[in-house]
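# Descriptive structure summary
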Amino acid sequence: MNDLQGAFVQAVGLVATADPAVAGIVLLSLRVSLAAVAVAALVGLPLGALLAVARFPGRRAVIVALNALMGLPPVVAGLLIYVLLSRSGPLGSLGLLFTPTAMVIAQALLIAPILAALSRQVLEAMWEEYAEQLRSFGAGPWRAVPTLLWDGRFALLTVLLAGFGRASAEVGAVMIVGGNIEGFTRLMTTAIALETSKGDLPLALALGLVLMAIVLGVNALAQGLRDAAQRSLG
Amino acid sequence: MFRRLLLTAGLALGLALPALAQDRSITVASTTSTEQSGLFGHILPLFTRETGIAVRVVALGTGQALDVGRRGDADVVFVHDRMAELRFVQEGHGVRRQHVMFNDFVIVGPAADPAGIAGLRDTAAALTRLAQARAPFISRGDRSGTHAAELRLWRQAGVDPASGRGAWYREVGQGMGPALNTAAAQGGYILTDRATWLSFRNRQDLRILVEGDARLFNQYGVMLVNPERHAHVKRADGQRFIDWLVSPAGQAAIAGYKINGEPLFFPNAAQAEPGI
């Protein structure tokens, strides 16, 4: 109980004093996770939409594979990216290991299947309603993809938030490919892991509370934007 | 509509991607003890102020840190397992290992000390007693420098701890901090370097029981990753860091790092490594 109280007091202190080290870590965490969501969305959402509208042999297999990949263990994703980006690996000449970019790639790999699988589900339901109408305009599946994505943007926001949540909660992969370098690749989650291993449990918990508050803030902001946009559209 | 979608995606990406300043920096693969004890936090700003070179530390166990060097993913390796370091250099992965500093290992355990090793100076006797008492012993089990030292101490005591596997000998496969957390929670005995111990906060009722044996000596060494194997290694800046560490300025910076007035590391670069 004392640890919890101490953590709460410390968390408030960290926020109130706008501790510059913590602020830097928070900012980097947000940037990495948002960039990962953006990269994963570029691949995942069109793929999900395509799977929702197109019918082709092997489609079911792709869907099963995507659903399974949603459970890809972060450590495995991290290891995979590590081996690829290491100087001794195939992409070593890029020199990306132990950089924020490496962490973006690892997180994007983790959440792209989530975005694809969830958006496929959301858009398939919409497609069943729309299909008749769109076909009457002579739109084939390929033309329907951007229309679906645009019309489904509010529903897809929830999908993106699910991806963001997973990205910002992730520690195993970014620890491996980022190296938890102070002031360069240290994120909220890896900082929490570090403080835990230093035995400073109250500080680790305090950082955890700050992280949860940030994720809550991002979700509230997204919800607010969505409500405002929907209202303005009437 | 398509353009709007692309625009939204592009905007999100532009906002999110960190603007990466390409400054002068080197990557150092080192151990958890040097990072978590706060030593790097103390000495690296001094080096950076003097040279303008930022030092990015990836803190791992010694075995893993050497692997990072072997793969060419760091410019400098700064660790504490002399045998493994010499092998690293002999195999051509590193260039010229140098002494930097030392401290010592200590055996910590629960205050109640069920195995009765408190105050012993002979590590071999203490470990023999631990094995006889089948007292829970937490091992790093991660090929770190401390793990290597622990295995060496068991060998010197003539005890094979593997016989206690699954019972009193528990290998956690993690860093010093998590291993200490486990020992604190299970009331176990554990070998730790003094620096990590001094900066460790979650001690509960663990305390130092055995210290001062010459066999508990813990030497740290530094070496450049071989630029002939890995052309991208920042030879000049990496060497500058090594030269600074063993220079009077670097050695004084190391000696100046204290917790509660107690120094954590003792510089000894002047004791040249023979034959390397």
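The shown structure was predicted, so the numbers you read here are calculated from the model rather than taken from an experiment. In this convention, every chain numbers its residues from 1, walking through the sequence in written order. Chain labels run from A onward and ligand labels from 1 onward, assigned in the order the entries are written. The predicted nature of this model means local features are confined to residues of pLDDT at least 70 and side-chain atom pairs, given and counted, to a pLDDT of 80 or more, with totals for whole chains, interfaces and linings taken over all residues.

UniProt positions are given in the numbering used here, feature names are shortened, and annotations may be inferred rather than shown by experiment. If you check UniProt for "transmembrane region" (unreviewed entry), the listed places come out as residues 33-54, 61-85, 97-118, 154-181 and 201-222 of chain A in our numbering. Within residues 61-85 of chain A, the helical portion is 84% and the strand portion 0%, while the C-alpha atoms at the span's ends are 29 Å from each other. Strands here mean DSSP runs of E at least two residues long; helices mean DSSP runs of H or I at least four residues long; both are numbered from the N terminus.

Here we take up the environment of Leu60 of chain B. Residues and elements named next belong to chain B. Among the structural elements, Leu60 can be located in strand 2 (residues 54-60). Put plainly, a residue is buried at 20 or more neighbouring C-beta atoms within 10 Å of its own, exposed at 12 or fewer, and partly exposed in between, counting only other residues' C-beta atoms, which are placed from the backbone. Judged by the 23 C-beta atoms lying within 10 Å of it, Leu60 falls in the buried class. Residue pairs qualify as contacts under a 7 Å threshold applied to their C-beta atoms, which are placed from the backbone. Among residues more than four places away in sequence, those in contact with Leu60 are Ala29, Ala65 and Val68.

Moving on: the domain arrangement of chain B. All names here are of chain B. Here the limits of each domain have been adopted from an automatic or database domain assignment. Per the domain assignment, the segments making up chain B are domain 1 (24-103 + 219-267) and domain 2 (104-216). Centre-to-centre, using C-alpha coordinates, domain 1 lies 26 Å away from domain 2. Domain 1 puts 19 residues into the contact, and the matching count from domain 2 is 15 residues. Every element with two or more residues in the side of domain 1 that touches domain 2 is listed here: helix 2 (32-36) and helix 4 (62-70). Gly is placed with the polar residues, together with every amino acid not listed as nonpolar (Ala, Val, Leu, Ile, Met, Phe, Trp, Tyr, Cys and Pro) or charged (Asp, Glu, Lys and Arg). A class-by-class count of the residues in the side of domain 1 that touches domain 2 yields six nonpolar, 11 polar and two charged.

Turning our attention to the pairing of strand 7 (residues 189-193) of chain B. Residue and element names in this part refer to chain B. Most of strand 7 is tucked away, with five of its five residues classed as buried. Burial of the side chains of strand 7 extends over both faces: Tyr189, Leu191 and Asp193 are buried on one face and Ile190 and Thr192 on the other. At least two bridges found by DSSP between two strands is the condition for calling them paired. Pairing of strand 4 (residues 94-110) with strand 7 involves four bridges; the strand directions are antiparallel. Note that in strand 7 the partner of Phe105 across the bridge is Asp193. Where strand 5 (residues 137-139) and strand 7 come together, two bridges link them in parallel fashion. Within strand 7, the position partnered with Ile138 by the bridge is Ile190.

Listed under "domain: PBP" (unreviewed entry) in the UniProt record, and renumbered for this structure, are residues 25-248 of chain B. Overall, residues 25-248 of chain B shows 40% helix and 27% strand. The separation of its end C-alpha atoms is 22 Å.

The subject of this paragraph is the nonpolar core. Residues enter a nonpolar core if they are buried, belong to Ala, Val, Leu, Ile, Met, Phe, Trp, Tyr or Cys, and are joined to the set through C-beta atoms within 7 Å. Within the largest apolar cluster, 114 residues are counted, with the highest numbers of intra-cluster contacts made by Ala106 and Val177 of chain A together with Val76 of chain B. Top contributing element to this core by residue count: helix 2 (residues 20-53) of chain A, with 20 residues. If we skip the residues at most four places from it in the chain, Val76 of chain B touches Ile26, Val28, Val222, Leu224, Val225, Gly238, Phe241 and Ile242 of chain B. Judged by nonpolar contacts, the second largest core, of 32 residues, contains Ala115, Ala131, Ala179 and Ala184 of chain B.

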